[in-house]
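Descriptive structure summary
Residues per chain, in single letters:
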Amino acid sequence: MASPDASRGPGEAVDERRRFPRIRLALTVKLRFPSTEAALESSTVDISEGGVFIRMRQPRDEGTAIRLRLEVGERQLEIGGVVVRCVRPGEGGPPGIGVLFTDIAPEDAEFVKGLVRARLDPR
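Report follows, based on the coordinates. (Residues numbered from 1 in each chain as written. Predicted model: local features only at pLDDT ≥ 70, side-chain atom pairs only at ≥ 80, totals over all residues. Heavy atoms only, no water.)

Once that is clear, we can look at the overall build of the protein. Helix and strand counts for the protein stand at one helix and seven strands. Counting from the amino terminus, the protein carries its helices and strands in the arrangement β-β-β-β-β-β-β-α. Split into buried and exposed, the 123 residues of the protein put 37% on the buried side. Taking the contacts inside the protein whose residues are at least 6 apart along the sequence as the reference set, 50% of them involve residues at least 24 apart. (Helix = DSSP H or I, 4+ residues; strand = E, 2+ residues; numbered from the N terminus. Buried < 20%, exposed > 50% of the residue type's maximum accessible area, 1.4 Å probe, protein only. Contact = heavy atoms within 4.5 Å.)

Listed below in structure tokens is the structure:
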């Protein structure tokens, strides 16, 4: 069964009930967790001003601290966050984690805000 978001095109808002509108956007992301030395690499599913959903085969538990390095073209954003949603394999939708941004530089926050808003309202 297709997800309710399957009919949306790139850059369309995913769920308007959220605090911030999200857009579908696949970005390369490197993940670092306090409990492991090695960084993992994955991709985002969607992003908003306040957070991101990241594909993961073995999602971490809610409450887990995380450091992200998002690659947006030539720009790299270093962001701290916390896992606020965990979707395990077989639970519907892609397995992964929803991360709330908790430590983001003001200029990076403005960049993400502009990126999302430009895709929501392309003029």
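Our focus in this paragraph is the side chain of Asp46. Structurally, Asp46 is set in strand E3 (residues 40-47). Engagement of the side chain of Asp46 in a polar contact is seen with the side chain of Arg22, the distance being 3.3 Å. (Polar contact = N/O pair within 3.5 Å; in protein donor to acceptor, adjacent residues only side chain to side chain.)

To continue, consider the packing of aromatic side chains. Taken as a whole and judged by the stated rule, the model has zero aromatic pairs. Sitting over the ring of Phe33, Arg60 keeps its end group 4.2 Å from the ring centre. Its end group placed over the ring of Phe111, Arg75 keeps NZ or CZ at 4.3 Å from the ring centre. (Phe/Tyr/Trp six-rings, centres within 6.5 Å; stacked < 30°, edge-to-face > 60°. Lys NZ or Arg CZ within 6 Å of the ring centre and 35° of its normal.)

Functional significance is not addressed by these values, which are geometric in nature.
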